[in-house]
Amino acid sequence: TWRGSLADFRHHAKGRCQIRLPDHHHALKACGIKGNPSALEEGRRIHNTWMPKTPQGHQVLLLNSLIDMYGKCASVQEALEVFTLLGREGKRDVVSWNSMLDTYKSSKQPDAALQLFEQMKSEDVRPDTTTYVIMLHACAGAGALEKGMEIHKRVKELISENNPLAAAIIRMYAHCNRLDLSETLFREITIQSPSRLSVWNAMISAYGQHRRGKEALQVFRQMLSQKVDPSDSTLVSVFLVQRMRDG
């Protein structure tokens, strides 16, 4: 649990042994999981206490963890301050960018995420698949269809092997009112790889979002016929669709 992780960290910190970097990382991750004011205060304490003691060669990992923690605790400004510090020192890596992009996305600032993504490209930082998944969610939130289509084109060769990426594209098109493109991609993927649960979930959710309950339930039945076991997320989506139809 998050409390257990923080307790372990405090236990090591009170002793005279050297604090290992993973202790910082896991403690900050635990703060981010909880995400409430007390966890934010604990994260600040770790930041202020251990940042000066962290060896120079390990500071980027700790600072990236801080961006992630501040973002998950809804402290966007503090996340940005750490991200800016990394920039001034020329130490940003793709994880730094992803953490800040995710902070904007999670705080419902998709336009800020889109602007930062353009800055990332202008600084010749190579995005990874995590970057693209985050940006597809940001495109969905901003209704940025053109940018979403650009990302889809860029990652086309990766979709066949990456479930989160495929699901994010389906959801992005649905949020941008292009359900037809969600359907096209869904058919292409499930013909080739019918066992990809996240893709089925994304399509059921997309139909539910557009109040197309009949189609959502048809996809669910088709999924079961392919012997794909539903997850809790699947069942919640189906329940909501059924309630919508009954209402």
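Per chain, residues are indexed from 1 in the order of the written sequence. Residue-level local features of this predicted model are given only where pLDDT is at least 70; pairs of side-chain atoms are given and counted only at 80 or more, and the full residue set underlies all totals for whole chains, interfaces and linings. Only hydrogens and water are set aside when side-chain values are computed; all heavy atoms of the structure are taken into account.

**Student:** Account for unusual backbone geometry, with residues named and values stated.
**Tutor:** Notably, Ala74 is not glycine yet its phi reads approximately 65°, a positive angle. For helices the rule is a DSSP run of H or I covering at least 4 residues; for strands it is a run of E covering at least 2, with both sets numbered from the N terminus onward. Inspection of the secondary structure puts Ala74 in the loop between helix 4 (59–72) and helix 5 (76–88).

**Student:** Report on a nonpolar patch on the surface, specifying residues and quantitative values.
**Tutor:** On the surface, Val236, Phe239 and Leu240 cluster together into a nonpolar patch covering about 290 Å² of accessible area. Under the relative-accessibility criterion, Leu240 is labelled partly exposed at 42%. Note that patches include only residues with greater than 30% relative accessible area and no salt bridge, and the join distances are 9 Å for like charges and 5 Å for nonpolar side chains (Val, Leu, Ile, Met, Phe, Trp, Tyr). Method for areas: the Shrake-Rupley scheme with a 1.4 Å probe, in which residue coverage is limited to the protein chains shown. For this document, the term salt bridge refers to a Lys or Arg side-chain nitrogen within 4 Å of an Asp or Glu carboxyl oxygen. Each residue gets one of three labels from its accessible area relative to the maximum for its type: buried under 20%, exposed over 50%, partly exposed in between, using a 1.4 Å probe on protein chains only.

**Student:** Go over helix 14 (residues 232–246), please, and point to the residues and values.
**Tutor:** The span one expects for a helix is its residue count, reduced by one, times 1.5 Å. Over its 15 residues, helix 14 runs 21 Å from end to end, which matches the ideal 21 Å to within 8%, given 1.5 Å per residue. Along helix 14, the residues that are buried comprise Thr234, Ser237, Val238, Val241 and Met244. All buried residues of helix 14 project into a common sector of 120° when viewed along the axis, lining one side. Turned more than 90 degrees away from the buried face of helix 14 sit Asp232, Phe239, Arg243 and Asp246, all of them exposed. Any two residues whose heavy atoms approach within 4.5 Å at even a single point are treated as in contact. Buried residues in helix 14 make contact with helix 12 (197–209) and helix 13 (213–225). Note: the arc covers the axis-to-C-beta directions of the helix.

**Student:** Please provide a residue-by-residue account of the packing of helix 8 (residues 129–142) against helix 9 (residues 145–154), values included.
**Tutor:** Inter-axis angles, ranging from 0 to 180 degrees, are taken between N-to-C directions of lines fitted to C-alpha atoms, where helices are fitted over the stretch in contact. For the pair helix 8 and helix 9, the least separation of the axes is 9 Å and the interaxial angle reads 155°. Classified by the angle between their axes, helix 8 and helix 9 sit roughly antiparallel to one another. Remark: the crossing between helix 8 and helix 9 carries left-handed chirality. Contacts from Tyr132, Met135, Leu136 and Cys139 in helix 8 reach Lys147, Gly148, Ile151 and Arg154 in helix 9. Under the grouping applied here, Gly and all other residues not named as nonpolar or charged are polar, the nonpolar ones being Ala, Val, Leu, Ile, Met, Phe, Trp, Tyr, Cys and Pro and the charged ones Asp, Glu, Lys and Arg. Its residues placed into classes, the contact of helix 8 with helix 9 shows five nonpolar, one polar and two charged. With respect to orientation, any angle under 35 degrees is reported as roughly parallel, any angle over 145 as roughly antiparallel, any angle of 65 to 115 as roughly perpendicular, and every other angle as oblique. Note on convention: the crossing is left-handed when the near helix lies turned anticlockwise from the far helix by less than a right angle, right-handed when the turn is clockwise.

**Student:** Any details on the packing of aromatic side chains? Residues and values, ideally.
**Tutor:** Working definition: rings of Phe, Tyr and Trp (its six-membered ring) pair if their centres are within 6.5 Å, and the pair is stacked with planes under 30 degrees apart, edge-to-face with planes over 60 apart, and tilted otherwise. All told, the structure shown has two aromatic pairs when counted by the stated rule. Geometrically, the ring pair formed by Phe83 and Trp97 is edge-to-face, given 5.1 Å between the ring centres and 80° between the ring planes. Taken together, the residues span a long stretch of sequence, with Phe83 in helix 5 and Trp97 in helix 6 (residues 94–106) at a distance of 14 residues. Judged on exposure class, the residue Phe83 and its partner Trp97 are both buried. With centroids separated by 5.2 Å and ring planes inclined at 85°, the aromatic side chains of Phe186 and Trp200 adopt a geometry described as edge-to-face. Linking Phe186 in helix 11 (residues 179–192) with Trp200 in helix 12, this pair joins segments that are 14 residues apart in sequence. As a reminder, the over-ring test applies to NZ of lysine and CZ of arginine, requiring each to be within 6 Å of the ring centre and within 35 degrees of the ring normal. Of note, Arg92 hangs over the ring of Phe83, and the distance from its end group to the ring centre comes to 3.9 Å. Here Arg92 stacks its cationic end above the ring of Trp97, 5.1 Å away from the centre of that ring.

**Student:** Which residues make up the side chain of Thr234, and what values do they have?
**Tutor:** With respect to the helices, strands and loops of the structure, Thr234 is situated in helix 14. Setting aside anything within four residues of it in sequence, one finds Thr234 in contact with Leu197, Asn201, Ile204, Phe220 and Met223.

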